[in-house]
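# Reading the structure
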Amino acid sequence: ITLSGSVDDVFIFQIAGNLLAGSAVKVLLVADGSGHGTPWASNIIWQVAGQATVGTTAHLEGVILVKTHCAMNAGSSINGRVLAQTAVTLGDSATITE
């Protein structure tokens, strides 16, 4: 998934069920050509009504807000934050950077 924009743009994804980012999926941030840089991870919101799973070696950008549980599988990564009401579990080498 490629999100094209500038530092002022905000992306909000509202998911009524579960979020499954499959293995090796990548979310990329690219400049839109306006000369105002690339979107900031802090301006990308994933609002999930169920649970979230980030697949093996997948990479997401943004803030994940999860009603229940977020599982990050081995080698997965997120540039942003993960907030869950019950738990966040990290597999081997899974990373969250801000």
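Fair warning: this is a prediction, and the values are worked out from it, not measured in the lab. (Residues numbered from 1 in each chain as written. Predicted model: local features only at pLDDT ≥ 70, side-chain atom pairs only at ≥ 80, totals over all residues. Heavy atoms only, no water.)

## Some details on the overall build of the protein
What counts is decided by this rule: Helix and strand labels come from DSSP, where a helix needs a run of H or I of at least four residues and a strand needs a run of E of at least two; each type is numbered from the N terminus. The buried label goes to any residue with under 20% of its type's maximum accessible area, the exposed label to any with over 50%, and the partly exposed label to all in between, with areas taken from a 1.4 Å probe on protein chains only. The Shrake-Rupley method, run with a 1.4 Å probe sphere, supplies the accessible areas, and residue values consider only the shown protein chains as cover.
Of regular secondary structure, the protein possesses 0 helices and 11 strands. Taken from the N to the C terminus, the helices and strands of the protein come in the order β-β-β-β-β-β-β-β-β-β-β. Along the three orthogonal principal directions, the C-alpha set of the protein runs to about 40 × 25 × 20 Å. The buried share among the 98 residues of the protein stands at 35%. Accessible surface for the protein amounts to roughly 5200 Å². Of this, 55% is attributable to carbon and sulfur atoms.

## What to know about the sheet that holds strand S2 (residues 11–15)
Note the following rule: Two strands form a pair only when DSSP identifies at least two bridges running between them. In this description, a line fitted to the C-alpha atoms serves as the axis of each element, helices being fitted only across the stretch in contact, and the angle between N-to-C directions of two axes falls anywhere from 0 to 180 degrees.
Strands sit in the order S2-S5-S7-S9-S11 across an open sheet of 5 strands; the sheet is parallel. Every interior strand has two partners, whereas the edge strands, S2 and strand S11 (95–97), have only one. The sheet shows a mean angle of 40° between the axes of neighbouring strands, taken without regard to direction. Bridge analysis of strand S5 (residues 44–48) against strand S7 (residues 59–66) gives 4 bridges, and the strand direction is parallel. Note that in S7 the partner of Trp46 across the bridge is Ile64.

## Comments concerning the packing of aromatic side chains
Counted only if it meets this: Note on ring pairs: Phe, Tyr and Trp rings are taken, using the six-membered ring of Trp, and paired if centres are within 6.5 Å. Classes follow the plane angle, with under 30 degrees stacked, over 60 edge-to-face and the rest tilted.
If you walk through the whole model with that rule in mind, you get 1 aromatic pair. Aromatic pair Phe13 and Trp46: ring centres 4.4 Å apart, planes at 20°, arrangement stacked. Pair noted here: Phe13 is in strand S2 and Trp46 is in strand S5, with a separation of 33 residues, a long-range link. Residue classification places Trp46 among the buried residues on the basis of a relative accessible area of 6%.

## What about the sheet that holds strand S3 (residues 19–21)?
Taken together, the 4 strands give an open sheet; going across it, the order is S3-S6-S8-S10, and neighbouring strands pair in parallel fashion. Two strands close off the open sheet at either side, each with one partner strand: S3 and strand S10 (87–90). Strand-to-strand twist in this sheet, taken as the mean axis angle between neighbours without regard to direction, amounts to 5°.

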